[in-house]
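For reference, the chains in residue letters:
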Amino acid sequence: MATTFTKQRLKAVLTSVSDRVLEQPWSNPLLFAIAGGLAAVIVFGAKREHPLTAAAVGLLVAGAALAVGAAIGFLFAIPRAVQEPAERRGALAQFETPYQVNTNLEQISDWLTKIVVGLGLVEITKIPAAFTSLAVFVATAFGEPAVPPSVAGVIISYFAVGGFLVFYIWTRLLLTYEFTRADRAARQSPEFYEGLIEALLYQPPPRGYETALEVGEEFLKRFGEGNWRVWRALACAHGQKYSYLKADDKTAQPELDLAREQALKAVKRVLALNPGETDSMRTLWDPKRVTPEENDLEVFYNDDPTGEFKKLLGEPGGTT
């Protein structure tokens, strides 16, 4: 069953990729050109004294050149994350990392142009000699009778350029699209929001809890109010807000009361959705059980005018 499922998934992925490849207007001509080159190599090998050996060697040389060109094309075109995205509205703007096409090919072209001008035409003359030596070396692989080095040079050049063009454009169009799609899908998932809210609770106030509250509200709008873990994080964020505001003598009492009410509401939602979390919430509220890192509700232990927190989080039958 597992093997069948894996095969189906692999087939679906390959079908999706092939469909996207065929959608590109430039794709078929380049692929036909490479296929035609491979056919020419096979025909050339068939005319040799040892046709199978010659054809195999020719295909190996073509494949090697194609792989080198493809690797270079891939490296030049691989997408990269934008380091300084444009400013956007919303709580998640600072956490977005959209992708853009890589411009290294243009940069390297510019660098090579400057190097060529600096080194002069004398250094350029070494490139043909090096390529000729490579062609002579490869020609010896075809066996007797000897193959002209020019044939080996044509095979190397043809497939290296073809591999570069195909993989450069495929990477630039398809991989950039897939990276962006996967990145957006991950950032639109509930798990991303949950992890982000939790991480923000450990950031310095007020920015940490402010952003956590914004992201939490966004979560509730997108995915509903049925996730107790998000409500727990919101309770902690409101607790941090209350502590921060209370430390400021200029804070008005109504603002403090509102922060306390919102924290209490979040605690009630947690316990309504998951009563088994009562003890966990106590560890955030009871001074005897809190830790320096997990004490977001401790401020309400002695600052509880209505006694609601004690009713919810006090030990059953005890005098916490």
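Nothing here was measured: the structure is a model prediction, and the numbers come from that model.

Right, let's get into the pattern of salt bridges. In this structure the tally under the stated criterion is 9 salt bridges. With a closest N to O distance of 2.9 Å, Lys246 and Asp303 form a salt bridge. Within this pair, whereas Lys246 is found in helix α10 (residues 228–246), its partner Asp303 is found in the loop between α13 (299–302) and α14 (308–313), the two being separated by 57 residues in sequence. Assessed through its relative accessible area of 43%, Lys246 is described here as partly exposed. Judged by its relative accessible area of 14%, Asp303 is buried. When the shortest N-O distance is used, the salt bridge between Lys268 and Glu308 registers 3.9 Å. Remark: Glu308 occurs in helix α14 and Lys268 occurs in helix α11 (residues 253–273); sequence separation between them is 40 residues.

A word on helix α9 (residues 207–223). An α-helix turns once per 3.6 residues; consequently, residues spaced three or four apart project the same way. Helix length check: α9, at 17 residues, gives a terminal C-alpha distance of 24 Å against a target of 24 Å (1.5 Å per residue), a fit within 8%. Residues of α9 that are buried include every one of Gly208, Tyr209, Thr211, Ala212, Leu213, Val215, Gly216, Phe219 and Leu220, and no others. Contacts made by the buried residues of α9 are with α8 (190–200) and α10. Backbone geometry just downstream of α9 places Gly224 in the positive-phi region, at approximately 90°.

Here we come to the confidence of the model for the protein chain. Scored by pLDDT, the protein chain has a mean of 80; 74% of the residues are at 70 or more. When pLDDT is averaged over each element of the protein chain, α10 comes out on top at 94 and strand β2 (residues 99–100) at the bottom at 49.

A few words now on the packing of α8 against α9. When two helices pack together, their arrangement is given by the angle between the helix axes and the distance between those axes. Where α8 contacts α9, the two axes come as close as 8 Å, and the packing angle between them is 160°. Taken together, the axis directions place α8 and α9 in an arrangement best described as roughly antiparallel. Two packed elements cross with a definite hand, and for α8 against α9 that hand is left-handed. On α9, the residues that touch Pro190, Tyr193, Glu194, Leu196, Ile197 and Leu200 of α8 are Gly208, Tyr209, Thr211, Ala212, Val215, Gly216, Glu218, Phe219, Arg222 and Phe223. Here the contact of α8 with α9 is composed, by residue class, of 10 nonpolar, 3 polar and 3 charged.

Rules used in this analysis
Residues numbered from 1 in each chain as written. Predicted model: local features only at pLDDT ≥ 70, side-chain atom pairs only at ≥ 80, totals over all residues. Heavy atoms only, no water. Salt bridge = Lys/Arg side-chain N within 4 Å of Asp/Glu carboxyl O. Helix = DSSP H or I, 4+ residues; strand = E, 2+ residues; numbered from the N terminus. Buried < 20%, exposed > 50% of the residue type's maximum accessible area, 1.4 Å probe, protein only. Expected span 1.5 Å × (residues − 1). Contact = heavy atoms within 4.5 Å. pLDDT = per-residue confidence, 0-100. Axes fitted to C-alpha atoms, helices over the stretch in contact; angles between N-to-C directions. Parallel < 35°, antiparallel > 145°, perpendicular 65-115°, else oblique. Left-handed = near helix turned anticlockwise from the far one by under 90°. Nonpolar A, V, L, I, M, F, W, Y, C, P; charged D, E, K, R; others polar.

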